[in-house]
Protein chains: 2
Amino acid sequence: MVASEVRALFAVASRPEIVSLAGGMPNVAALPLDQIGDLAKDVISEEGAAALQYGSAQGDPVLREQICDYMTLEGVRSVPDDVIVTVGSQQALDLITRVFVDPGDIVLTEAPTYVTAINTFAAFQADIRHVSMDDEGVDADELDRALTEAAKAGRTVKFFYTIPNFQNPAGITMSAERRARVMEVCERHDVLIVEDNPYGLLRYDGEPQPTLYSQGEGNVIYLGSLSKTLSPGLRIGWALAPSAVRAKLVLAAESAMLSHSTFNQLVVRRYLNTFPWREQIKTFNSMYGERRDALLGALNTMMPDGCTWTRPEGGFFVWATLPEGIDAKAMLPRAVNHRVAYVPGTGFFADGRGRDSMRLSFCYPTPEQIREGVRRLVGAIEGEMDLRDTFGPAMATPTEGSQAPTPDLP
Amino acid sequence: MVASEVRALFAVASRPEIVSLAGGMPNVAALPLDQIGDLAKDVISEEGAAALQYGSAQGDPVLREQICDYMTLEGVRSVPDDVIVTVGSQQALDLITRVFVDPGDIVLTEAPTYVTAINTFAAFQADIRHVSMDDEGVDADELDRALTEAAKAGRTVKFFYTIPNFQNPAGITMSAERRARVMEVCERHDVLIVEDNPYGLLRYDGEPQPTLYSQGEGNVIYLGSLSKTLSPGLRIGWALAPSAVRAKLVLAAESAMLSHSTFNQLVVRRYLNTFPWREQIKTFNSMYGERRDALLGALNTMMPDGCTWTRPEGGFFVWATLPEGIDAKAMLPRAVNHRVAYVPGTGFFADGRGRDSMRLSFCYPTPEQIREGVRRLVGAIEGEMDLRDTFGPAMATPTEGSQAPTPDLP
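Being a predicted model, the structure only gives us computed values, none of them experimental.

1. Some remarks on the overall build of chain A
Move 1: Within chain A, the secondary structure is distributed over 12 helices and 14 strands.
Move 2: Rg of the C-alpha trace for chain A: 21 Å, near the compact-globule value of 22 Å for 410 residues, within the 12% margin.
Move 3: Within chain A, the fraction of its 410 residues that count as buried is 63%.
Move 4: Considering only intrachain contacts with a sequence separation of at least 6, the fraction spanning at least 24 residues in chain A is 77%.
Move 5: Carbon and sulfur atoms provide 50% of the accessible area of chain A, an area that totals close to 14500 Å².
Move 6: Of the side chains in chain A, 37 bear a positive and 53 a negative charge, and the two mean positions are spaced by 2 Å.

This is the structure in structure tokens:
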């Protein structure tokens, strides 16, 4: 399937009769909408001359202070001047890539990794190289070897990009021991780390792990976001970076957009100042935790032998791997016929891998819909297994390169 | 002065005791803030689940329809599918540059041109070449020669970037005859035109001129914005481009930010749907027209012999050129001592020119403040003239390249 076919399929997948386990959209209807509406109105009435005016490219200074407070929940100590507010953390990643990556530079990522990160790195012609993951996160020895080989070959590795908490798409969290090892490897090779952490506060069980940023010495750029803990429609994310890096990002942001929406920043400022937002996150965690349990329970009960999947302690995603000879990408049209959708694993690799896997999102559908979705998915998988047993394993078809799902599937 | 000195100076210039003729900030306090506040509240209460959710990278489809309607006021006929909504028209320009410009490609612009456009082109390593302007706009013969010479030298010209209405910074509007000539030249050389038109509806006298887009055959990308006719703090701009180009811009926007703020788009949608926004533009035009008249009147009355300036029919800016031997950039600290600020012309050239000129903005200060500002400016200029007459013309000092004013000075 080519990119346009994938998009067409996802257009079909958004029909109400289809249970979509594809979309990574937070459940924003769970927010107190009337109160947020009042808040937005007050921002205009009381601060309208500022809210409707150009702001600075670095972002509102009071909001940046609040972001520093917010990050203390993750054990990050920071100063507002090291923060730049961006249009979602996606823009932060894009600006970093724009500032740092020259064509042909290597960017190391986990295997798999976030689809839109791949697209951004590819847009700036990076040489994207995946490093394997296990249950504890990226394989630190393989990371070490990859860095050593690059150095030997005279190649530049610009940074190692990681999503250490409840990774999108794999659901895996980097353990404390692995974090310490990754820090040691990256420091020894003097390579920058980009730590992308939009899900860190969406933890349903287990213990929070210390951020890489808090273990680093100016060699980590930390990306944060309010998209999953407040709202993606406000597009408020940020980069936390050493001063000289942050200054370059601000210059890049000026060219990229002049300045972020002052209105959105002031709305978020007021929200963080006046709402019980920590309670709201707990509310979200309770809801998302129930959905995660529904998905894992259904997978446990219903999935055929030969399927395996990750068990995330938080976040939005489970990564499922199919039995030998089943191709998740080829299966997608047939799954949609079964009225269920997922994201085939191929979108999350730059090198064509991932045909045997899929990302399952549990954030948006209800527990009941999730169970029904798994039922339908199992029907599709069993159908594929029959096809395989009759006709042989799915033929490997050439990939078209990275094929991003539609934008409502972050 | 280096970039940091310029910024420090503008920080001083934003003090209340200084009349700033530097900032190009629209006067948003003139908007009906309470009503806009109610509108924002209704968007959240009634459409909150959508407003607070991810959207598509191309932008809200209903807003795109409304943008097409809005553009008919400029004589542009278009379809929503050819529109992409961006974070201000700055982002549209940035995406175009990102998609089209390879390092070393030539980008032709007017002389002078918009500062942040220069920064963006430079960020993507374009070879920026200015083409002279006269009272009727860019010199079409010189444009023709520049294109011919580039072709002879085997160099790629990616596009000609123009701000044909009340140009920022020169205030000049391209005449109808000149537009026809520019279209002929660009079509003959098969070069793309990027037509940036944020000020077109802010006309105080004279007649509107047909857009280049409406005279083109798929060789013009048109950029529009609501920053000056509604609010810059909402960051709503757009590109209108032939379908294949628009598709590339959407892919670039996905990498750049995933999607624009749905909330802002729905607020603007509701505003355009329910407010007498054409009346609001008339209100703005009356206010800005009065300020333009105050500035031109004061310049006429008070400026020393040897100074010249443009007489814009709309927009926000007058471009003033100083007497022989006076350096606007060197003069800026002394002007600030006289408690007035402007933007030295050097920011608006990629090649070091512009020391003899300055951009004067009349959008933000009141008519009284404008007159006082000119009084102080004249004091500074006369002081410089005395210095010159005593010590000789200002010494040419090497420039640091493009030095963007602070972000509140678009």
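2. Let's talk about the relation of the copies chain A and chain B
Move 1: With an RMSD of 0.0 Å, chain A superimposes on chain B once it is rotated by 180° and translated 0.0 Å along the axis. The two molecules are tied by a two-fold rotation axis, judged by turn and shift. Scanning chain A for the C-alpha nearest the rotation axis identifies Lys41(A), at a separation of 2.6 Å.
Move 2: The share of interface residues of chain A whose copies in chain B are also at the interface is 100%, consistent with both copies meeting through the same surface.

3. Side note on the packing of helix 10 (residues 277-302) of chain A against helix 12 (residues 367-391) of chain A
Residue and element names in this part refer to chain A.
Move 1: Where helix 10 contacts helix 12, the two axes come as close as 9 Å, and the packing angle between them is 30°. Regarding the angle of helix 10 to helix 12, the classification is roughly parallel. Relative to helix 12, the crossing made by helix 10 is right-handed. Contact residues: helix 10 offers Glu290, Arg291, Ala294, Leu295, Ala298, Leu299 and Met302, while helix 12 offers Pro367, Ile370, Arg371, Val374, Arg375 and Val378.
Move 2: Its residues assigned to classes, the contact of helix 10 with helix 12 comprises nine nonpolar, no polar and four charged.

4. Comments concerning helix 3 (residues 61-72) of chain B
Residue and element names in this part refer to chain B.
Move 1: Under the 1.5 Å per step criterion, the end-to-end length of helix 3 is 17 Å for 12 residues, consistent within 8% with the ideal 16 Å.
Move 2: Buried within helix 3 are the following residues: Leu63, Arg64, Gln66, Ile67, Cys68, Tyr70 and Met71.
Move 3: Tucked into the core, helix 3 has its buried residues touching strand 2 (83-87), strand 8 (220-225), strand 9 (236-240), helix 9 (262-274) and helix 10 (277-302).
Move 4: Measuring from the side-chain oxygen of the N-cap residue of helix 3 to the backbone nitrogen of Val62 gives 3.1 Å; that N-cap residue is Asp60.

5. Things to note about the confidence of the model for chain A
Residues and elements named next belong to chain A.
Move 1: Within chain A, residue pLDDT values average 93, and 94% of them lie at 70 or more.
Move 2: Low confidence marks residues 396-408, where pLDDT is under 50. Its contacts with residues over four positions away, or in another chain, come to 33 contacts.
Move 3: Listed scores for the predicted complex are pTM 0.93 and ipTM 0.91.

6. Some words on the environment of Ala140(B)
Residues and elements named next belong to chain B.
Move 1: Summarising the element assignment, Ala140 is placed in helix 6 (residues 140-152).
Move 2: Taking relative accessible area as the criterion, Ala140 reaches 2% and is therefore assigned buried.
Move 3: Put simply, Ala140 and Asp38 are 102 residues apart on the chain and 49 Å apart in space, counted from C-alpha to C-alpha.
Move 4: Setting aside residues no more than four positions away along its own chain, Ala140 makes contact with Arg178, Arg181, Val182 and Val185.

7. With respect to the packing of helix 2 (residues 33-51) of chain A against helix 2 (residues 33-51) of chain B
Move 1: Viewed as axis vectors pointing N to C, helix 2 of chain A and helix 2 of chain B meet at an angle of 160°, and their least axial separation amounts to 8 Å. Classed by the angle they form, the pair helix 2 of chain A and helix 2 of chain B counts as roughly antiparallel. Between helix 2 of chain A and helix 2 of chain B lies a crossing of right-handed hand. Within the contact between the two elements, helix 2 of chain A uses Leu33(A), Asp34(A), Ile36(A), Gly37(A), Asp38(A), Ala40(A), Lys41(A), Ile44(A), Ser45(A), Gly48(A) and Ala49(A) and helix 2 of chain B uses Leu33(B), Asp34(B), Ile36(B), Gly37(B), Asp38(B), Ala40(B), Lys41(B), Ile44(B), Ser45(B), Gly48(B) and Ala49(B).
Move 2: Its residues assigned to classes, the contact of helix 2 of chain A with helix 2 of chain B shows 10 nonpolar, six polar and six charged.

8. Considerations on the side chain of Gln53(A)
Move 1: Looking at the element boundaries, Gln53(A) is found in the loop between helix 2 and helix 3 (61-72).
Move 2: Taking relative accessible area as the criterion, Gln53(A) reaches 7% and is therefore assigned buried.
Move 3: Each residue touching Gln53(A), except ones within four places of it in the same chain, is listed here: Thr262(A), Met25(B), Pro26(B), Val28(B), Pro232(B), Gly233(B) and Tyr364(B).

9. Side note on the pairing of strand 14 (residues 357-361) of chain A
Residue and element names in this part refer to chain A.
Move 1: When you tally the buried positions in strand 14, you get five out of five residues, the bulk of the element.
Move 2: Alternating positions in strand 14 separate into two faces, Ser357, Arg359 and Ser361 on one and Met358 and Leu360 on the other, with burial throughout.
Move 3: Bridge count for strand 11 (residues 317-321) against strand 14 is five bridges, and the pairing is antiparallel. The partner of Phe317 across the bridge, within strand 14, is Ser361.
Move 4: Across two bridges, strand 13 (residues 343-344) lies against strand 14 in antiparallel orientation. Paired with Pro344 across the strands is Met358, a residue of strand 14.

10. Describing the pairing of strand 7 (residues 192-196) of chain B
Consecutive side chains of a regular strand alternate in pointing toward one face of the sheet and then the other.
All names here are of chain B.
Move 1: Along strand 7, five of the five residues are buried, which leaves the element largely enclosed by surrounding structure.
Move 2: Here strand 7 shows a buried face lined by Leu192, Val194 and Asp196 and a second buried face lined by Ile193 and Glu195.
Move 3: Here strand 6 (residues 157-162) runs beside strand 7; their pairing, made up of four bridges, is parallel. Bridging from a neighbouring strand, Phe160 pairs with Ile193 of strand 7.

Conventions we followed
Residues numbered from 1 in each chain as written. Chains lettered and ligands numbered in written order. Predicted model: local features only at pLDDT ≥ 70, side-chain atom pairs only at ≥ 80, totals over all residues. Heavy atoms only, no water. Helix = DSSP H or I, 4+ residues; strand = E, 2+ residues; numbered from the N terminus. Rg over C-alpha atoms; globule rule 2.2 N^0.38 Å. Buried < 20%, exposed > 50% of the residue type's maximum accessible area, 1.4 Å probe, protein only. Contact = heavy atoms within 4.5 Å. Areas by Shrake-Rupley, 256 points an atom, 1.4 Å probe, with all protein chains shown as cover. Lys, Arg positive; Asp, Glu negative; His and termini not counted. Charge placed at Lys NZ, Arg CZ, Asp CG, Glu CD. Least-squares fit on C-alpha atoms with pLDDT ≥ 70 in both. Axes fitted to C-alpha atoms, helices over the stretch in contact; angles between N-to-C directions. Parallel < 35°, antiparallel > 145°, perpendicular 65-115°, else oblique. Left-handed = near helix turned anticlockwise from the far one by under 90°. Nonpolar A, V, L, I, M, F, W, Y, C, P; charged D, E, K, R; others polar. Expected span 1.5 Å × (residues − 1). Polar contact = N/O pair within 3.5 Å; in protein donor to acceptor, adjacent residues only side chain to side chain. pLDDT = per-residue confidence, 0-100. Pairing = 2+ DSSP bridges.

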